[in-house]
Amino acid sequence: MSTGDVLYEGKAKIIYKTDAPDILLAQYKDDATAFNAQKRGTITNKGRINCAIATHLFKVLEAAGVATHFIDQPAPDQMRVRTVKIIPLEVVVRNIAAGSLCQQTGLDLGRPLAQPLVDYYYKDDALGDPLLTPDRIFLLSLATPERLAQLNQLALRINQILIAFFQNCGITLVDFKLEFGITADQQLLLADEISPDTCRLWDNSEPDPDRRVMDKDRFRRDLGEVDTAYTRVMERVLGQNTSAP
Ligand code: TMP
Ligand code: ASP
């Protein structure tokens, strides 16, 4: 698909304008970054793999009644999406302790949480995406109390759908990050992507704590075989149909 002007270039995607003001084109890149872009590299075929996985997961969520920005996939590494104004919050849902939760609380890696934890981070690279509290979210006018309650409910609903979907793939959904946006006519949509870049995914058939990792932690922690792991996730995800679980 021919592309228009670049609206925005992020770490993992380039967003192009199209002839229609309410439609954007997301070009998924092979570039990988971690630790606020202090670590940089590429993952072979990541653009195509993540675009395929995200497309499939958006279809799963749409089938279950979650409104997303997804329109279609005109090329293997391209997604047409609805134009939204992104809410500058990274909404992280956690089912099992890992990553920054372990570092900041001392919880052991792999400890199942009694109930899903929803954490909000300020999407601001210059500030290093700090963890927010509800009062800080209101202070910064990032969301109203009503909007925050809506985001919380949606994130938990998406978590339920994705846990069930990944379970059918033989994968445990440890945690993941969501972003939401608002259309010109004030519709709230799930935006950005859901992929091994934005989730922690553990292979149920692999007890070893390093070998089970199928997500960007392989890149962050130099575990090797990053593209192989991403490809395996894609094969398993695309092997499940998109109708509601
Ligand atoms: P964390 O444990 O580093 O806070 O990450 C929680 C989840 O959010 C994990 O699945 C990875 C994802 N994530 C992103 O998608 N983007 C980010 O910039 C960060 C820090 C985490
Ligand atoms: N996406 C983030 C970055 O580069 C961090 C991460 O996923 O670990 O910088």
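A short tour of the structure in this document, coming up.

Cut-offs applied
Residues numbered from 1 in each chain as written. Chains lettered and ligands numbered in written order. Predicted model: local features only at pLDDT ≥ 70, side-chain atom pairs only at ≥ 80, totals over all residues. Heavy atoms only, no water. Helix = DSSP H or I, 4+ residues; strand = E, 2+ residues; numbered from the N terminus. Rg over C-alpha atoms; globule rule 2.2 N^0.38 Å. Buried < 20%, exposed > 50% of the residue type's maximum accessible area, 1.4 Å probe, protein only. Contact = heavy atoms within 4.5 Å. Areas by Shrake-Rupley, 256 points an atom, 1.4 Å probe, with all protein chains shown as cover. Lys, Arg positive; Asp, Glu negative; His and termini not counted. Charge placed at Lys NZ, Arg CZ, Asp CG, Glu CD. Pairing = 2+ DSSP bridges. Axes fitted to C-alpha atoms, helices over the stretch in contact; angles between N-to-C directions. 1 Å grid on protein atoms, 1.4 Å probe; cavity = no way out; pocket = protein on both sides within 12 Å on 5 of 7 lines; lining within 4 Å. Points joined across faces, edges and corners; volume = space filled by probe spheres on them.

## Quick notes on the overall build of the protein chain
Then, in step 1: Scanning the protein chain from N- to C-terminus turns up six helices and 13 strands.
Then, in step 2: Over its C-alpha trace the protein chain gives a radius of gyration of 17 Å, about what one expects of a compact globule, namely 18 Å for 245 residues.
Then, in step 3: Oriented by its inertia axes, the alpha-carbon framework of the protein chain measures out at about 50 × 40 × 40 Å.
Then, in step 4: In the protein chain, which comprises 245 residues, the proportion classed as buried is 49%.
Then, in step 5: Put simply, of all contacts in the protein chain between residues at least 6 apart along the chain, 57% involve residues at least 24 apart.
Then, in step 6: Entry remark: accessible area of the protein chain is about 11900 Å², with carbon and sulfur atoms responsible for 48%.
Then, in step 7: Of the side chains in the protein chain, 28 bear a positive and 33 a negative charge, and the two mean positions are spaced by 1 Å.

## Brief notes about the sheet that holds strand β6 (residues 70-75)
Then, in step 1: Spatially, the five strands line up as an open sheet ordered β1-β2-β3-β7-β6, and their pairing is antiparallel. Lying at the two open borders of the sheet, with one neighbouring strand each, are β1 (6-9) and β6. Sheet twist, expressed as the average angle between the axes of neighbouring strands with direction ignored, equals 25°.
Then, in step 2: For strand β3 (residues 23-28) and strand β7 (residues 78-82), the ladder comprises five bridges, and the chain directions are antiparallel. Bridging across to β7, A26 finds its partner in M79.
Then, in step 3: Where helix α1 (residues 46-63) meets the sheet, it contacts β3, β6 and β7, and its direction lies at approximately 145° from that of β6.

## Here's the deal with the layout of surface pockets
The probe, sized like a water molecule, is rolled over the atoms to show the empty space still left.
Then, in step 1: Approximately 190 Å³ is the volume found for the second largest pocket.
Then, in step 2: Lining the second largest pocket are D203, E206, R211, V213, M214, R218, E225, T228, A229 and R232.
Then, in step 3: Among the elements that make up the lining of the second largest pocket, the one with the highest residue count is helix α6 (residues 226-238) (three residues).

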